[in-house]
Amino acid sequence: MTTAKILAFAGSARKDSWNRKVLQVAVEGARDAGAEVTVVNLGDFPMPIYDADWHEANGVPPAMRELRGMMMSANGLLIASPEYNTSITPLLKNTIDWLSQELDGSGGSAPFTGKVCGLMGASNGAFGTIRALPHVSYILSNLGVFVLPVVAVPAVGQAFDASGKMTNERSRKLLHGLGARVAQTVGKLA
C-alpha cells in the first residue's frame, strides 16, 4: 500500500486559531495511520489578493510557487476551515485561487486533481462551521479533489483544556478518525 503524504493547513493564520488546534487532532490521526504529514501555516505564504491583471504583470508570488510544489508532492490534504459570514475565509479562498492558476505549463487543477481531502472546521457557535464547509467542499470538488465527509466542531472553546488537550471525546474521535481515513483512502486508491 502507498504511504499517504498529506499536506495540512488551516484557513486561519491566527496564532491561537481554534481551527489550527482541531487540525492537529486530525494530523495525529493521519500519522497514527502511517501517513507522512507536513503541516504549514498559510500565514507563512503571503500572496496578494488574486487579480488577473496583477498576475499577468508580475507573475506568480514565490510563496505560491513554494506552496504549490508542496501540494504537488502530496497525495492527500487535511484542511481546517473557519467560517466567516457562513462561508469560506478570504485567506483560504485566496490561497486556492492562486494555487489553481497555471504554472510552468502545468494546469491549474494539477495541485488538486486526485487528492483525497479531510475537511473540518471549528467555531464557538452551535453549528461549528457546518454552513461554510459545503462551500469549501464544492470549490475543492470542482478542482478534482475527493472530499471525505466533513467534521464540524461546535462550541470549540469548551472542547480543549487549559493545556491545549482536546477534552471533547466525541469531537476528538471524529477528527482523529478523519485524519486516519484520509491516510487509509489514499492507500486504497493508489
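Looking at this structure, I do not really get helix H3 (residues 62–73). What am I missing?
Look at H3: 17 Å from first C-alpha to last across 12 residues, which is about the 16 Å you get at 1.5 Å a residue. If you check which residues of H3 are buried, you get Ala63, Met64, Leu67, Arg68 and Met71. Buried residues of H3, seen end-on, are gathered within an arc of 125° and therefore sit on one face of the element. The exposed residues of H3 that point more than 90 degrees off its buried face are Pro62 and Ser73. Contact partners of the buried residues in H3: strand S1 (5–10), strand S3 (76–80) and helix H4 (90–99).

Even after reading the chapter, I still don't get the environment of Gly29, so can you show me in this structure?
Within the secondary structure, Gly29 sits in helix H1 (residues 18–32). Distance in space between the C-alpha atoms of Gly29 and Gly118 is 11 Å, their sequence separation being 89 residues. When neighbours within four sequence positions are excluded, Gly29 is seen to be in contact with His176, Gly179 and Ala180.

What is the right way to read the environment of Thr185 from this model?
Residue position: Thr185 is located in helix H6 (residues 169–189). Residue class for Thr185 comes out buried when judged on its relative accessible area of 18%. Each C-alpha atom of the pair Thr185 and Ala122 lies 23 Å from the other, and the pair is 63 residues apart in sequence.

Would you mind showing me how to read the packing of H3 against H4 here?
In a pair of packed helices, the angle between the axes and the distance between the axes together describe the arrangement. Relative orientation of the contacting elements H3 and H4 amounts to 80°, with a least axis distance of 10 Å. The orientation of H3 relative to H4 falls into the category roughly perpendicular. Here Met64, Leu67, Arg68 and Met71 of H3 come into contact with H4, specifically with Thr95, Trp98 and Leu99. A per-class count over the contact of H3 with H4 returns 5 nonpolar, 1 polar and 1 charged.

Here is what the cut-offs are and how they apply
- Residues numbered from 1 in each chain as written.
- Predicted model: local features only at pLDDT ≥ 70, side-chain atom pairs only at ≥ 80, totals over all residues.
- Heavy atoms only, no water.
- Helix = DSSP H or I, 4+ residues; strand = E, 2+ residues; numbered from the N terminus.
- Expected span 1.5 Å × (residues − 1).
- Buried < 20%, exposed > 50% of the residue type's maximum accessible area, 1.4 Å probe, protein only.
- Arc of directions from axis to C-beta.
- Contact = heavy atoms within 4.5 Å.
- Axes fitted to C-alpha atoms, helices over the stretch in contact; angles between N-to-C directions.
- Parallel < 35°, antiparallel > 145°, perpendicular 65-115°, else oblique.
- Nonpolar A, V, L, I, M, F, W, Y, C, P; charged D, E, K, R; others polar.

All quantities given are derived from atomic positions and should not be read as evidence of function.
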